[in-house]
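These are the residues of each chain, in order.
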Amino acid sequence: MTVMESVFQRIDASKDAIIQLQRDLTARVALGPDNGGSGEHEKTGHIKRLLEDLKPDMIQEIKAPDERARDGYRPNLIARWEGRREKPVIWILSHSDIVPPGDLSLWNSDPYDVVVDGDRLVGRGVEDNQHGFVSSYLALKAILDSGQDLKRPVGLIIVADEETGSRFGLGYILQHYQSFFSPQDLIIVPDSGNQEGTMIEVSEKSMLWLKITVTGRQCHASTPDKGKNTLYGAARVIVSLADLNDRFDMSDPLFSPPRSTFAPTKKEENVPNINTIPGKDTFYVDCRILPHYPVDQVISAVRDIVTPIADETGLQIDLETVHRQDAAPPTSPDAPVVKALARAIRAVTGNQGKPMGIGGGTVAAFFRAAGLPAAVWSTCPDTAHQPNEYCRIPDMMTDAKIFACLYQDDYGRKPI
Ligand SMILES: [Zn+2]
């Protein structure tokens, strides 16, 4: 039996431990103030005790000041175990906070009391993001319990506030403690993925939400000439926005879909009755822009579309940016963290990991913006934020094995 096989055996025998871990974490409700809670203290305290039992060479609680939270801060943890080699460090970042359960009538059970349903564990937070912590912790525990030395340093990071902006989580850590990390380190964020465990997210599109308000003049529908019908203007703008697809037509096969997208979405109510010409129409556009294009270029292109329509119709058309998140520089698909992850996935499952881009933002963008390459990956059914959120015990075991290979830089085991 190889050393890694003995580690894998321990992981395979950890079903009860996984259930207990998930129960303990789920019962310690970690909601940030923006989600109606007092913070992540209880859950982070429990995780700190678990990590201390593994005798880290360094463990630090980083308190991000937030006067709305219990004791005036949000708790973050960084722990590190040294290896035989000094570098690179492999860091796994999980977040402690959860989103609220939402409409309880949509749940089949108490969201904070884990239900075991065959291979599945059901409860708020079990996947997002306890799956990430449990698998990364379990891998380390299995290696240390089997009496092995780590080949390279391993760091576990548990952050607060991932669900509501990361200002008191990774954002705060990188602002004040960036020297913990080096661009040569391998940084993995197990907070998104697919059921095959093959999606290695390396890049994100920029996000831009625009509000477009068309103002005209309301009047009786029997005398439309007395007014200025804003629905005509709104309709013309919506149709003309399709021109953005031609102006920003670059394609990048990393992404699915491979192009930038510009989707008109929400439309606010205008007049409540059929016999009134509307004098105001407001609608929204959700743009997901390939990182190759500056967001400002898209905003000015929208202005170029809107201005002639306003001139021709005599309507006033205003643009407002409701939300904007410029894409961080992508992690290279050839970055060492991507290569190592793909090797480990192949060694454990036989599957081929694939670097990909996604349309939304993840916390990894903070690392990338700081010049630290990071990959987002996990094996999961992707039930985050849903009622009856669940994760699968075999997925956590698989990911623990993959992390064990990465911690030990050992990919020798044949596919199982
Ligand atoms: Zn998450």
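First, a word on what this report is: a plain description of the structure on this page. (Residues numbered from 1 in each chain as written. Predicted model: local features only at pLDDT ≥ 70, side-chain atom pairs only at ≥ 80, totals over all residues. Heavy atoms only, no water.)

### Regarding the pattern of salt bridges
Defined as follows: We count a salt bridge whenever a side-chain nitrogen from Lys or Arg sits within 4 Å of a carboxyl oxygen from Asp or Glu. Helix numbers and strand numbers start at the N terminus; a helix is a DSSP run of H or I with at least 4 residues, a strand a run of E with at least 2. Three labels apply to residues, based on accessible area from a 1.4 Å probe with only protein chains included: buried if under 20% of the type maximum, exposed if over 50%, partly exposed otherwise in between.
Per the counting criterion, the structure on display carries 23 salt bridges. Linking Arg 74 and Glu 40 is a salt bridge whose minimum nitrogen-to-oxygen distance equals 2.8 Å. Taken as a pair, Arg 74 in strand β2 (residues 73-81) and Glu 40 in the loop between α2 (15-27) and α3 (41-53) lie far apart in primary sequence, 34 residues in all. Here Arg 74 falls in the buried class, since its relative accessible area comes to 0%. A relative accessible area of 0% places Glu 40 in the buried class. For Lys 267, the salt bridge goes to Asp 281, with nearest N and O atoms at 2.5 Å. With Lys 267 in strand β11 (residues 261-267) and Asp 281 in strand β13 (residues 280-289), this residue pair connects regions lying 14 residues apart in the sequence. A residue is classified by how much of its surface remains accessible, and Lys 267, at 38% relative accessible area, is partly exposed. One network of salt bridges, with partners in common, ties together Asp 34, Glu 40, Asp 66, Arg 68, Arg 74 and Asp 161.

### A look at the coordination of the zinc ion
When a metal holds four donors in a tetrahedron, each ideal angle between them is 109.5 degrees; when it holds six in an octahedron, the ideal angles are 90 or 180 degrees. To keep it simple, the criterion reads: Here the term donor refers to an N, O or S atom within 2.8 Å of the metal (or 3.2 Å for Na, K and Ca), and because water is left out of the atoms, sites may appear incomplete. Each label reflects the angles at the metal, where four donors whose angles all fall between 85 and 135 degrees are tetrahedral, four or six donors whose opposite pairs open beyond 155 degrees and whose other angles stay between 65 and 115 are square planar or octahedral respectively, and the rest are irregular.
The protein atoms that coordinate the zinc ion are His 95 (NE2), Asp 128 (OD), Asp 191 (OD) and Asp 191 (OD), at distances of 1.8 to 2.5 Å. Given four donor atoms and angles of 53 to 145° at the metal, the environment of the zinc ion is assigned as irregular. In the primary structure, the donors to the zinc ion are separated according to the pattern H-x32-D-x62-D. Placement of the pair is His 95 in strand β3 (residues 90-95) and Asp 191 in the loop between β7 (186-189) and β8 (199-204), with a sequence separation of 96 residues.

### Considerations on the packing of aromatic side chains
In plain terms, the rule: When two rings of Phe, Tyr or Trp (its six-membered ring) have centres within 6.5 Å they constitute a pair, described as stacked for plane angles under 30 degrees, edge-to-face for angles over 60, and tilted for the intermediate range.
Summed over all chains, the structure comprises nine aromatic pairs. Here Phe 248 and Phe 262 contribute two aromatic rings whose centre-to-centre distance is 5.9 Å and whose plane-to-plane angle is 45°, an arrangement assigned as tilted. Of the two residues, Phe 248 sits in the loop between α7 (243-247) and β11 while Phe 262 sits in strand β11, which places them 14 residues apart along the sequence. Among the residues examined, Phe 248 registers a relative accessible area of 1% and is labelled buried.

### Observations regarding the pairing of β8
Basically, it comes down to this: Criterion used throughout: strands pair if DSSP finds at least two bridges between them.
The element β8 is largely enclosed, with a buried count of six among its six residues. Bridge count for β8 against strand β15 (residues 354-358) is five bridges, and the pairing is parallel. Residue pairing for β15: Glu 201 is matched across the bridge by Met 356.

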